[in-house]
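Breakdown of the fold
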Amino acid sequence: NPTQPNHIKMSSKLRILVPVKRVIDFAIKPRINKTGTGIETKGVKFSINPFCDIALEESLRLRENNKDLVENIHAVSIGPLKSQDILRTALAKGADNSTLIETSNDSVNNDVEPLQVAKLIKKIVEKDNSNLVILGKQSIDDDFNQTGQILAGLLNWPQATNASKIEIEIDNDNENNQVLVTREIDGGEDILKSKLPMIITTDLRLNEPRYASLQNIMKAKKKPLTKLKPQDLGIDKIENKLEILKIEEPPIRQAGVKVDNVDQLIEKLKELKAI
Ligand code: AMP
């Protein structure tokens, strides 16, 4: 990308930023709250968004599989104070440091939208001088699938979305490392090659995340977790553009009818005026 900004030093090792979101655990069936304005969050288990977990796992593997390649892995989350929990998990799995950008949203029912999230992440990228941001392709609560793409736009960095494989072509002294990203597309694979800095979003089949051991969970208590407010990053107000008016269960599906043969099927379809 010839328009890459040059304020970020292109050479050197990977300084990876991994944005992680706290969401309702994937194994839980969400229930609508009594007022029909959002999802019931009381007594519900929350976890790290699965695609963010994959992003973190990939960063850890990049470090483990390439000696001296990764300088730092920083996990950052935007959300309520409780998002500390998933940052502790990220630290226990192997992130070096973490930041919570605390917003007053109560998660799920009043989430910070992708544009605002991307603006906050951009501030951390600039602060850290990050050269690789690995995000999930989407959050499983809002299903936006936007944050990585918007961040790439704001930073004017190349992006590779829905990665199913990430490889680094290491230059002798880490001066001109190139990133190869494979994406599954209809009928084949799309392989993108880019210099750093870049944005990658992860697809489901990229890897299988590890679990944090109890020992590492204990050790992670000593690792850095910085708490910031958006104001600390020069963003005074987080303004969402969308308003949720109402949330409804999908209509209950009618039971189907079984037919014995094709003739009966045609008869039935005629009866229903479907043909
Ligand atoms: P989305 O665009 O909301 O579907 O989210 C895509 C990815 O952006 C997630 O997998 C995260 O990596 C990142 N992201 C979105 N929202 C947040 C948040 N509140 N805090 C940290 N990362 C986030």
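Our structure is the block above this text.
So, a few notes on the structure that sits alongside this text. Computed from a prediction, not measured in an experiment: that's the story for all the values here.

Basis of the calculations
- Throughout, residues of each chain are indexed from 1 in the direction in which the sequence is written.
- With pLDDT at 70 or above as the cut-off, local features in this predicted model cover only qualifying residues; side-chain atom pairs require 80 or more to be listed or tallied, and sums for whole chains, interfaces and linings still use all residues.
- For side-chain calculations, the full set of non-hydrogen atoms in the structure is used, while hydrogens and water are omitted.
- The term salt bridge refers to a side-chain nitrogen of Lys or Arg lying within 4 Å of a carboxyl oxygen of Asp or Glu.
- Helix numbering and strand numbering both begin at the N terminus, where a helix is a DSSP run of H or I of at least 4 residues and a strand a DSSP run of E of at least 2.
- Think of it in three bands: residues with accessible area under 20% of the maximum for their type are buried, residues over 50% are exposed, and the middle band is partly exposed, with areas taken using a 1.4 Å probe on protein chains only.
- Each aromatic pair joins two rings of Phe, Tyr and Trp (for Trp, the six-membered one) with centres within 6.5 Å, and gets the label stacked for planes under 30 degrees apart, edge-to-face for over 60, and tilted for any other angle.
- Consider the ring centre and the ring normal. A charge sits over the ring if Lys NZ or Arg CZ is within 6 Å of that centre and within 35 degrees of that normal.
- In this description, a nonpolar core means a group of buried Ala, Val, Leu, Ile, Met, Phe, Trp, Tyr and Cys residues linked to one another through side-chain atoms lying within 4.5 Å.
- Any pair of residues with heavy atoms lying within 4.5 Å of one another is described as a contacting pair.
- Only the contacting stretch of a helix is used when fitting its axis, a line to C-alpha atoms as for every element, and angles between N-to-C directions run 0 to 180 degrees.
- When an angle is under 35 degrees it counts as roughly parallel; over 145 it counts as roughly antiparallel; between 65 and 115 it counts as roughly perpendicular; any other value is oblique.
- Each crossing gets its hand from how the near helix is turned against the far one by less than a right angle, where anticlockwise is left-handed and clockwise is right-handed.
- In the scheme used here, Gly and all other residues not listed as nonpolar or charged are polar, with Ala, Val, Leu, Ile, Met, Phe, Trp, Tyr, Cys and Pro taken as nonpolar and Asp, Glu, Lys and Arg as charged.
- For cavity detection a 1 Å grid was placed over the protein atoms alone, and a set of points counts as a cavity when a 1.4 Å probe fits there but cannot get out; an open set counts as a pocket when protein lies on both sides within 12 Å along at least five of seven lines, with lining residues being those that have an atom within 4 Å of a point.
- Grid points are joined across faces, edges and corners, and a volume is the space filled by probe spheres set on the points.
- The nearness test applies per residue and asks whether one of its heavy atoms lies within 4 Å of the molecule or strand.
- Any pair of N or O atoms that falls within 3.5 Å is considered a polar contact. Within protein, one atom must be able to donate a hydrogen and the other to accept it, and sequence-neighbouring residues count only if both atoms are side-chain atoms.
- Each accessible area is a Shrake-Rupley result for a 1.4 Å probe, and residues are judged covered by the shown protein chains and nothing else.
- For a molecule to be placed in a cavity or pocket, more than half of its atoms must lie within 2 Å of the grid points of that cavity or pocket.

Structural notes on the pattern of salt bridges
This structure, assessed with the given rule, holds 19 salt bridges. Here Lys45 and Asp25 are joined by a salt bridge, their closest N and O atoms 3.5 Å apart. Of this pair, Lys45 sits in the loop between strand E2 (22-24) and strand E3 (46-48) while Asp25 sits in the loop between E2 and E3, and the two are 20 residues apart along the sequence. A salt bridge links Asp96 to Arg63; its shortest N-O distance comes to 3.1 Å. One end of the pair, Asp96, is in the loop between helix H2 (84-93) and strand E5 (97-102); the other, Arg63, is in helix H1 (residues 50-65), and 33 residues separate them in sequence. Since its relative accessible area comes to 25%, Asp96 is described here as partly exposed. Each of Lys21, Asp111, Asp141 and Asp142 takes part in one network of salt bridges that share partners.

Some words on the packing of aromatic side chains
In total, this model carries 0 aromatic pairs according to the counting rule given. A cation over an aromatic ring shows up here: Arg22 above the ring of Phe46, its NZ or CZ 3.9 Å from the ring centre.

Notes on the nonpolar core
One finds Leu14, Ile16 and Leu132 to be the most contacted residues of the largest nonpolar core, which totals 37 residues. Contributing elements (two or more residues each) for this core: strand E1 (14-19), H1, strand E4 (70-79), H2, strand E6 (132-136), strand E7 (159-169), strand E8 (178-185) and strand E10 (198-202). It is H1 that contributes the most residues to this core, 7 residues altogether. Discounting chain neighbours no more than four positions away, the residues touching Leu132 are Leu14, Arg15, Ile16, Leu17, Leu62, Leu196, Met198 and Ile200.

Focus: the packing of helix H3 (residues 114-128) against helix H4 (residues 147-155)
For the pair H3 and H4, the least separation of the axes is 9 Å and the interaxial angle reads 55 degrees. The pairing of H3 with H4 is recorded here as oblique in orientation. Classified by chirality, the crossing of H4 by H3 is right-handed. Residues Pro114, Leu115, Val117, Ala118, Lys119, Ile121, Lys122 and Val125 of H3 lie in contact with H4, whose contacting residues are Thr147, Ile150, Leu151, Leu154 and Leu155. Class assignment for the residues of the contact of H3 with H4 results in 10 nonpolar, 1 polar and 2 charged.

Let's talk about the layout of surface pockets
Roughly 530 Å³ of volume is contained in the largest pocket. Lining the largest pocket are 18 residues, with Ser47, Ile48, Asp53, Lys93 and Tyr211 positioned closest to its centre. Elements represented by at least two residues in the lining of the largest pocket include exactly E3, H1 and H2. If you tally residues by element for the lining of the largest pocket, the top one is H2, at 4 residues. The residue makeup of the lining of the largest pocket, split by class, is 8 nonpolar, 2 polar and 8 charged.

A word on the site of the ligand
Near the ligand, the surroundings consist of 17 residues, among which Pro19, Ile78, Ser139, Asn145 and Thr147 are the closest. The backbone of Ser139 places a nitrogen or oxygen atom 2.8 Å from an oxygen atom of the ligand. In this structure, an oxygen atom belonging to the ligand sits 2.7 Å away from a main-chain N or O atom of Asn145. Against a free-state accessible area of 490 Å², the protein chains account for coverage of 98% of the ligand. Under a 2 Å grid-point criterion requiring more than half of the atoms, the pocket assigned to the ligand is the largest cavity. Broken down by secondary-structure element, the contributors of at least two residues to the shell around the ligand are E4 and E6. Among the elements that take part in the shell around the ligand, E4 stands out by supplying 3 residues, more than any other. Looking at the shell around the ligand residue by residue, the class counts come to 8 nonpolar, 8 polar and 1 charged.

Here's the deal with unusual backbone geometry
In this structure, Pro197 follows Leu196 across a cis peptide bond, with omega equal to 5 degrees. Positive phi, normally seen in glycine, also occurs at Asp68, with a value near 65 degrees. With respect to the element layout, Asp68 can be found in the loop between H1 and E4. Since its relative accessible area comes to 48%, Asp68 is described here as partly exposed.

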